[in-house]
Amino acid sequence: MNFLRGVMGGPSAGPQPSGAETIQKLCDRVASSTLLDDRRDAVRALKSLSKKYRLEVGIQAMEHLIHVLQTDRSDSEIIGYALDTLYNVISNDLEEEEQEENLPKQVDDLGSQFTEIFIKQQENVTLLLTLVEEFDFHVRWPGVKLLTSLLKQQGPQVQQIILVSPMGVSRLMDLLADSREVIRNDGVLLLQQLTKSNAAIQKIVAFENAFERLLDIITEEGNSDGGIVVEDCLLLLQNLLKNNNSNQNFFKEGSYIQRMKPWFEVGDDNCGWSAQKVTNLHLMLQLVRVLVSPTNPPGATSSCQKAMFHCGLLQQLCTILMATGVPADILTETINTVSEVIRGCQMNQDYFASVNAPSNPPRPAIVVLLMSMVNERQPFVLRCAVLYCFQCFLYKNQKGQGEIVSTLLPSTIDGNSVSAGQLLCGGLFSTDSLSNWCAAVALAHALQENATLKEQLLRVQLATSIGNPPVSLLQQCTNILSQGDKIDRRGSKVQTRVGLLMLLCTWLSNCSIAVTHFLHNPANIPFLTGQIAENLGEEEQLVQGLCALLLGISIYYNDNSLENYRKEKLKQLIEKRIGRENFIEKLGFISKHELYSRAAQKPQPSFSSPDHMMFDHEFTKLVKELEGVISKAIYKSSEEDKKEEEVKKTLEQHDNIVTHYKKVIREQDQELEELKQRLNTLTSQNEQLQATVTQQVSQIQQHKDQYNLLKVQLGKDTQHHNSHSDTFQMNGIQTEEVSKLKEEVEEWKSKHELLQGQLKEKESVIEKLKSSHLEMGTDQSSQTSRSGSLEHNNELQKELEMLRSQMQLQSAEISKLQMENQKLQVMNTSVDAVSGESSAVAANSSEILGRLEQEIQELKSEVKALSAEKEALKQHLDSSSSTVAILQDEKSKLQQEVAESKKEQDDLLVLLADQDQKLSALKIKLKDLGVPVEDEDDIESGDQGDEDEDGDEEEQD
């Protein structure tokens, strides 16, 4: 203990040992002591010396400290001291008073070397991951800091060890759920280092619900008003999403974009933003840009853009864009963010075009932004951001391009308000070279890949001065280009000329009419050849290259409509005045320029200074496309040009033919699809109707069986009771009814023959369709459509055969009904021969006649049902060429007939039950009067019994 007292600064006698000796003794104590308290005190002493004697402690004590972590895990205190000591040795975060000017490089090397020694044994990192799982604060917090320091020193190696360790990343993700903010915040820093430049770990962390937890932390901390914890969470989110398409898609599919909207809710009073809020909002805007970056796959970017519009995020960004009091750097970043959210997305571009600034009167946001772009008093980065926004608004947006160009045309110019076209013209011809360049590039984007607008822009007329006639925009651009050295400008004169030359090259490319207008001015070609032929300084070489490109475009897209400026004459002029080799060399100055290479890297214009603002990203694509074809065109002879023109014409004709056939095939495919859909619909409806017909047939059969049964029962009653005297009157009525039934049957026969005639007409139409379809098309697609139509006709013919068989069945049923009517007539004649009955029997006979009348009514209903069924079949035949609505009506009629048939059946059953009850009641009364009543089965003695009953009744009377 005296030794430890000396180490800790207590009084001691004799000479003081050196630091290295003290550390050696402490290490021996840690290695050899059997008491835990002694080892703990020794490790505590090493911790206190580790900052001052970092090298010595690292060399001598690291092995012993690792051994302590392995063997003394039961004591959290000694584990915490050991972890703190290792952190002090490995970490480069020195105290301020210990930092000197000559130390940083040495310190960095020292931390990296100690880290390499520690991770040489992978078990050490695995042990550290196990310790981080401990809930004890004194173990977990130092473990998190030590692991973070290891990742800072040797990131890729430690990442690989953690990646192959079982549940390594999942253990570290639990830190975000720790209730102690210190550990949670340091856990965020640890995950920042863990996810740097490692896509595999980024995916694992994302699928461990990192997005949900980080967004919850940001919300708890107050979104953009939060502290540095929000900043750390945003940096971690950027690590997870940047250049990781899988995580971006997971972020979008998880509806996390919607949770970003509250970040950008700003109030009316935007004064006095704290530095931390500015930093947070800047990182939030960058996170939005990560999701919609032009370098992402187009499909992923488009889906994120649409999600941002639907959740209101784009609207919120436009609110910040038009708000007052927003810091300049946040406003600039917001403009860049809005630019990429609307880039190439028609829906977002249309919304942005409708945004108005809160001014009086309201002005479109595009106009307000362009006013900032052409205002030389605005910051340079802000003007670059506005230019990028305008470029993104016009990117693949022909509607927006047309709206911008229309503000320049004479018929649409409004003198009472400032338009985008007026601002662009004002910037194009101002004395500020940067405004000239920005306006020229913006106008070039309005013409990008749009030949129609290039022709319309030729109509633009400018009033240069009072009393002089107006000149065209094309003419004014060439005038300024030729007089550029004579105009006093602020900034680089080369920049103005480069901007105008880029505009002219974009305007004339792929537009022969514009080339003709350009060549119509006799001063243009001599100016270009003079610029190219001169030997100018290095600055002017860029202008020479662009002049060569413009002259090459005038040759390549020349339609030879001007005799003095035909392709061959222009080539001869180049050969005499410049030389072909010299011309090609000057043309190559563009792509070899350093600023050209920078501009070709990404769409956003980012320049360190206004002097470096020379090339536009889209223009670099145009140069890459035209440089080769212009070089070839210069060396081609007139014969080769003629052959090329002939080939072009042939190709155009071929393309027109191919386009025509594609259109025809497309129309046939559409018709085929419609026929297939119609066939499927008719097939399904036919199946339904077939099922309904089958059901109806079975129900009709049941009704016929019931009808036969009732007829037999009524026949028995008639034979048993005989007829009475009143039958004579009913016979006449029954005979009339039977005659009417005959007439109706004859009518149905005629209708049946008519339906058969219609069936034959349908068959003839189908045969015509077959012959017409056999003559259609020779290509494969028409063959498939022909086979589909033949199959359709075959199916229709099968249906007609089935319907014809059903009609035959119906006609058979009608003939059966006729036979039954004849039987009824025979019954009427037999009834006429019967005479007088008694009054009691007359009452019973009247009931029987009622039943007969009911039978007649049933026969009428049956005939009506059959007629309705025939009508339904006729409608079904017509439905093969009718609409779906008619088929549905037919189905409802059939269902109604089923209901009526069921109702009639129920009425018959009720009537029979009533008659049975009446008969039984009469029998009971007769028995009560003492009259013997025999059973119905006793047929032989039935007549004698009836006479006895009549005699008894007469005596009683």
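The structure presented is a predicted model; accordingly, all values stated were derived computationally and were not measured. (Residues numbered from 1 in each chain as written. Predicted model: local features only at pLDDT ≥ 70, side-chain atom pairs only at ≥ 80, totals over all residues. Heavy atoms only, no water.)

### What to know about the overall build of the protein chain
Part 1: The helix and strand tally for the protein chain stands at 42 helices and four strands.
Part 2: In the protein chain, which comprises 957 residues, the share counted as buried stands at 46%.
Part 3: For the protein chain, the share of sequence-separated contacts (at least 6 apart) that also reach a separation of at least 24 residues comes to 74%.
Part 4: Counting every atom, the protein chain has about 48,800 Å² of accessible surface; 51% of that belongs to carbon and sulfur. (Helix = DSSP H or I, 4+ residues; strand = E, 2+ residues; numbered from the N terminus. Buried < 20%, exposed > 50% of the residue type's maximum accessible area, 1.4 Å probe, protein only. Contact = heavy atoms within 4.5 Å. Areas by Shrake-Rupley, 256 points an atom, 1.4 Å probe, with all protein chains shown as cover.)

### Remarks on the pattern of salt bridges
Part 1: Applying the stated criterion to the full structure yields 26 salt bridges.
Part 2: Across the salt bridge formed by D178 and R180, the nearest N and O atoms sit 3.0 Å from each other.
Part 3: A salt bridge links R289 to E340; the shortest N-O distance between them is 3.0 Å. Of this pair, R289 sits in helix α16 (residues 275-291) while E340 sits in helix α19 (residues 328-342); the two residues are 51 residues apart in sequence, bridging distant segments of the chain. (Salt bridge = Lys/Arg side-chain N within 4 Å of Asp/Glu carboxyl O.)

### Remarks on the side chain of Q159
Part 1: Within the secondary structure, Q159 is located in helix α9 (residues 155-164).
Part 2: The exposure class of Q159 is buried, given its relative accessible area of 5%.
Part 3: Filtering out sequence-adjacent residues up to four positions away, Q159 remains in contact with L151, Q193, L194, T195, K196, N198 and I201.

### Focus on the side chain of S91
Part 1: In this fold, S91 is placed in the loop between α5 (76-90) and α6 (104-119).
Part 2: The buried category is assigned to S91, whose relative accessible area is 5%.
Part 3: For S91, the contacting residues outside a window of four places in its chain are R54 and S149.

### Some remarks on the packing of helix α14 (residues 228-241) against α16
Part 1: Put simply, α14 and α16 touch, their axes get as near as 9 Å, and they point 15° apart. Taken together, α14 and α16 sit at an angle that is classed as roughly parallel. Handedness of the crossing formed by α14 with α16: left-handed. Contacts between α14 and α16 pair I228, V230, E231, L234, L235, L237, Q238 and L241 from the former with Q276, T279, N280, L283, M284, Q286, L287, V290 and L291 from the latter.
Part 2: Broken down by class, the residue content of the contact of α14 with α16 amounts to 11 nonpolar, five polar and one charged. (Axes fitted to C-alpha atoms, helices over the stretch in contact; angles between N-to-C directions. Parallel < 35°, antiparallel > 145°, perpendicular 65-115°, else oblique. Left-handed = near helix turned anticlockwise from the far one by under 90°. Nonpolar A, V, L, I, M, F, W, Y, C, P; charged D, E, K, R; others polar.)

### Focus: a negative patch on the surface
Part 1: A cluster of acidic residues, E900, E904, D906 and D907, forms a negative patch at the surface.
Part 2: With respect to the element layout, E904 can be found in helix α41 (residues 884-928).
Part 3: In this structure E904 comes out as partly exposed when scored by relative accessible area, which is 31%. (Patch = residues over 30% accessible without salt bridge, like charges linked within 9 Å, V, L, I, M, F, W, Y side chains within 5 Å. Lys, Arg positive; Asp, Glu negative; His and termini not counted. Charge placed at Lys NZ, Arg CZ, Asp CG, Glu CD.)

### Description of unusual backbone geometry
Peptide bonds are mostly trans, and most non-glycine residues show a negative phi.
Part 1: With phi around 55°, S197 is a residue other than glycine that occupies positive phi space.
Part 2: Assignment of secondary structure puts S197 in the loop between α11 (181-194) and α12 (199-207).

### Brief notes about the environment of Q238
Part 1: Its location among the elements puts Q238 in helix α14.
Part 2: Judged by its relative accessible area of 12%, Q238 is buried.
Part 3: As for Q238 and Q192, which are separated by 46 residues in sequence, their C-alpha atoms are 9.4 Å apart.
Part 4: Setting aside chain neighbours within four positions, we find Q238 in contact with L283, Q286 and L287.

### Observations regarding α11
Part 1: Taking 1.5 Å as the rise per residue, α11 with 14 residues should run 20 Å; its terminal C-alpha atoms sit 20 Å apart, in good agreement.
Part 2: Taken together, the buried positions of α11 are occupied by I183, R184, N185, D186, G187, V188, L190, L191, Q192, Q193 and L194.
Part 3: On its buried face, α11 is in contact with α8 (137-153), α9, α10 (168-173), α12, α13 (210-220) and α14. (Expected span 1.5 Å × (residues − 1).)

### Quick notes on a nonpolar patch on the surface
Part 1: Judged by side-chain polarity, I657, Y661 and I665 come together as a nonpolar surface patch covering roughly 290 Å² of accessible area.
Part 2: Turning to its location among the elements, Y661 is positioned in helix α37 (residues 638-721).

### Comments concerning the confidence of the model for the protein chain
Do not read the fine detail of predicted coordinates wherever pLDDT is low.
Part 1: When pLDDT is averaged across the protein chain, the result is 80; 75% of the residues are at 70 or more.
Part 2: Note that residues 773-790 has pLDDT below 50 and, in this model, 18 contacts with residues that lie over four places away or in other chains.
Part 3: Predicted confidence is poor over residues 828-845, with pLDDT under 50, and the contacts of this stretch with residues over four places away or in other chains come to 30 contacts. (pLDDT = per-residue confidence, 0-100.)

### Section: the packing of aromatic side chains
Part 1: A complete count under the given rule lists 13 aromatic pairs for this structure.
Part 2: For the pair F207 and F250, a centre-to-centre distance of 4.6 Å together with 40° between the ring planes defines the contact as tilted. With F207 in helix α12 and F250 in helix α15 (residues 245-253), this pair connects stretches of sequence that are 43 residues apart.
Part 3: Aromatic side chains F309 and Y351 sit 5.9 Å apart centroid to centroid with 65° between the ring planes, which places their arrangement in the edge-to-face category. In this pair, F309 is assigned in helix α17 (residues 298-310) and Y351 in helix α20 (residues 346-354), connecting sequence segments 42 residues apart.
Part 4: The exposure class assigned to F309 is buried, which follows from its relative accessible area of 18%.
Part 5: An aromatic cluster is built from F207, F211, F250, F251 and Y256, whose rings are joined through pairwise contacts. (Phe/Tyr/Trp six-rings, centres within 6.5 Å; stacked < 30°, edge-to-face > 60°.)

### Let's talk about the environment of G58
Part 1: Mapped onto the elements, G58 comes out in helix α4 (residues 54-71).
Part 2: Sequence separation of G58 and Q113 is 55 residues, and the distance between their C-alpha atoms is 9.9 Å.
Part 3: Ignoring any residue separated from it by four or fewer positions in sequence, one finds G58 in contact with V89 and F114.

### Here's the deal with the state of the cysteines
Part 1: Throughout the structure, instances matching the rule amount to zero disulfides.
Part 2: C438 carries a free sulfur, and the closest cysteine sulfur to it, the one in C384, is 6.3 Å from it.
Part 3: A relative accessible area of 1% means that C438 is categorised as buried. (Disulfide = S-S within 2.5 Å.)

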